[in-house]
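Next come the chains, spelled out residue by residue.
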Amino acid sequence: MLKTLAIVPYHPFLSRKYSYGSLLKRLIYLDYANMEGITKEEEGTQDNWVSVFEKSPYSSRYLVDANLNILGYWHFVALDEELFKKAKKGLMLDNEITADKIYSLEKKGRYKMYFVETVTHPGITNTDAAAMLNESFYDAVYDFARSGIFFTERITNAITLIAVKRAIDFGMKFVTKNTYRGSVYSMKMTDFLLRNASRRMDLFRLYSNEFHDRHKLH
């Protein structure tokens, strides 16, 4: 089965099988299967997330099999300044992320990233397929950078032990506890790339040119 897997964005490939509604139904199913005890307040609703994914369709990737069944995904959003500050203080729940609080990532500029989650089907969590999904994040960041879209900081709210371990392994620093559940971690994007994607000189060059910080990226 693993030989048939691929990483794809939503458009145009997945739209042949999934509407945004059915896409979010599948993703929410995977979330509940992977995050024990997650609540509706933490998860948000299908209707809430549909408009978010519609507005920023390329800030996610999907691990699919030959029949386009989704076996894993990752997702981030570029929050507006007000909600980003709230998230970094540990005061935000994911159900507060709505289309009017994120950027569509269609215009050149610098943005702050809130990484929502990486989720895989429990049967492939520790396989090469999961590693392939993780690697696709850097491909996406590279594609955005080629279009003049850069990220200055990455934060996440880790609510599972796996998510906490991932954040620490990435080198992200603990900021604060989320008031509802979880721990907020943060890292400058240039530092994140330097630690976790040193092989991607194509990506480093784009970030170096943007931030004029060659001594850190080479």
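Scroll up a little and you will see the structure.
Residues numbered from 1 in each chain as written. Predicted model: local features only at pLDDT ≥ 70, side-chain atom pairs only at ≥ 80, totals over all residues. Heavy atoms only, no water.

So, the layout of surface pockets
- There is about 880 Å³ of room inside the largest pocket.
- Thr-118, Val-119, Ile-162, Ala-163 and Arg-166 are, among the 46 residues lining the largest pocket, the residues nearest its centre.
- Elements with a contribution of two residues or more to the lining of the largest pocket: α1 (20-34), α2 (40-43), α3 (46-55), β3 (70-78), β4 (109-120), α5 (128-146), β5 (149-158) and α6 (161-170).
- Of the residues contributing to the lining of the largest pocket, the split by class is 24 nonpolar, 12 polar and 10 charged. (1 Å grid on protein atoms, 1.4 Å probe; cavity = no way out; pocket = protein on both sides within 12 Å on 5 of 7 lines; lining within 4 Å. Points joined across faces, edges and corners; volume = space filled by probe spheres on them. Helix = DSSP H or I, 4+ residues; strand = E, 2+ residues; numbered from the N terminus. Nonpolar A, V, L, I, M, F, W, Y, C, P; charged D, E, K, R; others polar.)

Regarding the sheet that holds β5
- Pairing within the open sheet is mixed, and its 7 strands lie in the order β1-β2-β3-β4-β5-β7-β6. Of all strands in the sheet, those with a lone pairing partner are β1 (6-8) and β6 (173-177), marking the two edges. Averaged over all neighbouring strand pairs, the angle between strand axes comes to 25°, with direction disregarded.
- In the sheet, β3 pairs with β4 via 7 bridges, with the strands oriented antiparallel. (Pairing = 2+ DSSP bridges. Axes fitted to C-alpha atoms, helices over the stretch in contact; angles between N-to-C directions.)

Remarks on the environment of Glu-82
- If you trace the backbone, Glu-82 turns up in helix α4 (residues 81-88).
- Residues Glu-82 and Lys-101, 19 residues apart in the sequence, show an inter-C-alpha distance of 8.5 Å.

Regarding the side chain of Glu-153
- Position of Glu-153 among the secondary structure elements: in strand β5.
- The class of Glu-153 is buried, set by a relative accessible area of 11%.
- If we skip the residues at most four places from it in the chain, Glu-153 touches Phe-84, Lys-88, Tyr-111, Lys-112, Met-113, Ser-186, Met-187, Lys-188 and Met-189. (Buried < 20%, exposed > 50% of the residue type's maximum accessible area, 1.4 Å probe, protein only. Contact = heavy atoms within 4.5 Å.)

Describing the environment of Glu-153
- Taking the C-alpha atoms as reference points, Glu-153 and Met-187, separated by 34 residues in sequence, lie 5.8 Å from one another.
- A distance of 2.6 Å separates a polar atom in the side chain of Glu-153 from a polar atom in the side chain of Ser-186. (Polar contact = N/O pair within 3.5 Å; in protein donor to acceptor, adjacent residues only side chain to side chain.)

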